[in-house]
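Spelled out from the first residue to the last, the chains are:
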Amino acid sequence: MFSVFNTNLLTDMGKTIVRKHFSTMNAQLVWKEYLEYMTNSSKGATEKRVLTQYVTSAVYDQSSKGGALSFVLHFNEQFRKLNELCEPDEQFSSSLKLTLLQNAVRQVKELSLVETMDEFKSVFQTEGKTSSLSYETYNHLLTNACIRYDSIRKLQYSTRIIKIIIVT
């Protein structure tokens, strides 16, 4: 594991911590010190602010490179990174994460349908409760919707290219 840290911790501080433990090759101490640095230093505080700003303001743009699935996976990765940097009492609740993810994809009707279907289900089965889905379930359904959405967009794009070639 020490060699993995030696290869992958390429920041100045990461290299410094790895070199400090080079003689003992104690990977556990390297990781402990690196986490301590990332969570308690000004670098960690800055990273938390940047990640928090992203997850609270990100919105999927249909012209984004990589498609909807890539956006949702990236969005979830930013939450994971943020949770690593935060103490448990600082982390976003699942219901807030759910709301932020719903807001991020709401502008695309094919993706917002996951939320709409949940609302219909809530009205009819859970006596008006805001959402019957957990963050994990919503994310799973949204991921599947993204796959379908990206496939349709790719097919539409391919069809458009074929039409342009035929016309010219």
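Anything mentioned here points back to the structure above.
Keep in mind that this is a model prediction, so the values were computed, not measured.

**Q** Looking at this structure, how should I read the overall build of the chain?
**A** In terms of helices and strands, the chain carries eight helices and zero strands. Each helix (α) and strand (β) of the chain, taken in turn from the N terminus, gives the series α-α-α-α-α-α-α-α. Within the chain, the fraction of its 168 residues that count as buried is 34%. Pairs at least 24 apart in sequence give 60% of the contacts found in the chain among residues at least 6 apart. Accessible surface, the chain as shown: approximately 11200 Å² in total, 58% of it carbon and sulfur.

**Q** Just checking my understanding: could you explain the side chain of K97 for this structure?
**A** The residue K97 is located in helix α6 (residues 94–105) in this model. Lacking a salt bridge, the buried K97 has E136 as its closest oppositely charged neighbour, with an N-O distance of 5.4 Å. Aside from chain neighbours lying at most four places away, what touches K97 is F79, N83, F92 and Y135.

**Q** Got a minute to help me understand the packing of helix α3 (residues 27–40) against helix α4 (residues 42–57) in this structure?
**A** The angle between the axes and the distance between the axes are what describe a pair of packed helices. Interhelical geometry of α3 versus α4 gives an angle of 60° and a closest axis separation of 4 Å. Judged by the angle between their axes, α3 and α4 are oblique. Of α4, the residues touching α3 (which contributes Y37, M38, T39 and N40) are S42, K43, G44 and K48. By residue class, the composition of the contact of α3 with α4 is two nonpolar, four polar and two charged.

**Q** Help me understand the side chain of S112 in this model?
**A** For S112, the location among the structural elements is in helix α7 (residues 109–125). Using a relative accessible area of 13% as the deciding quantity, one classes S112 as buried. For S112, the residues in contact, after removing those within four places along its chain, are V105 and R106.

**Q** Can you help me understand the packing of helix α5 (residues 67–85) against α6 in this one?
**A** Interaxial distance between α5 and α6 falls to 11 Å at its minimum, and their mutual angle equals 150°. As far as their axial angle goes, α6 and α5 are roughly antiparallel. By crossing handedness, the relation of α5 to α6 is classed as right-handed. Two secondary-structure elements touch here, α5 through F71, V72, F75, N76, F79 and N83 and α6 through K97, L100, L101, A104 and V105. Classifying every residue of the contact of α5 with α6 by side-chain character gives eight nonpolar, two polar and one charged.

Cut-off values and rules
- Each chain carries its own residue numbering, running from 1 in the direction its sequence is written.
- Where local features are concerned, this predicted model is filtered to residues with pLDDT of at least 70; where side-chain atom pairs are given and counted, the filter is 80 or more; whole-chain, interface and lining totals use all residues.
- Water and hydrogen atoms were dropped before computing side-chain values, which therefore reflect all heavy atoms in the structure.
- Starting at the N terminus, helices and strands are each numbered in turn, a helix being any DSSP run of H or I of at least four residues and a strand any DSSP run of E of at least two.
- To sort residues, take the accessible area from a 1.4 Å probe on protein chains only and compare it with the maximum for the residue type: under 20% means buried, over 50% means exposed, and anything in between is partly exposed.
- In what follows, residue pairs with any heavy atoms lying within 4.5 Å of each other are defined as contacts.
- Methods summary: accessible areas were calculated by the Shrake-Rupley approach with a probe of 1.4 Å, and residue burial reflects only the protein chains presented.
- Charge counting follows a simple rule: Lys and Arg are positive, Asp and Glu are negative, and His as well as the terminal groups are ignored.
- Whenever Lys or Arg places a side-chain nitrogen within 4 Å of a carboxyl oxygen from Asp or Glu, that contact is recorded as a salt bridge.
- Lines fitted to the C-alpha atoms define the axes, with helices restricted to the stretch that makes contact. Angles between their N-to-C directions range from 0 to 180 degrees.
- Geometric relationships in this document are graded by angle, where less than 35 degrees denotes roughly parallel, more than 145 denotes roughly antiparallel, 65 to 115 denotes roughly perpendicular, and other angles denote oblique.
- Lys, Arg, Asp and Glu make up the charged group, whereas Ala, Val, Leu, Ile, Met, Phe, Trp, Tyr, Cys and Pro make up the nonpolar group; the residues left over, Gly among them, are polar.
- Two helices that cross are described as forming a left-handed crossing if the nearer one is turned anticlockwise from the farther one by less than a right angle, and a right-handed crossing if clockwise.

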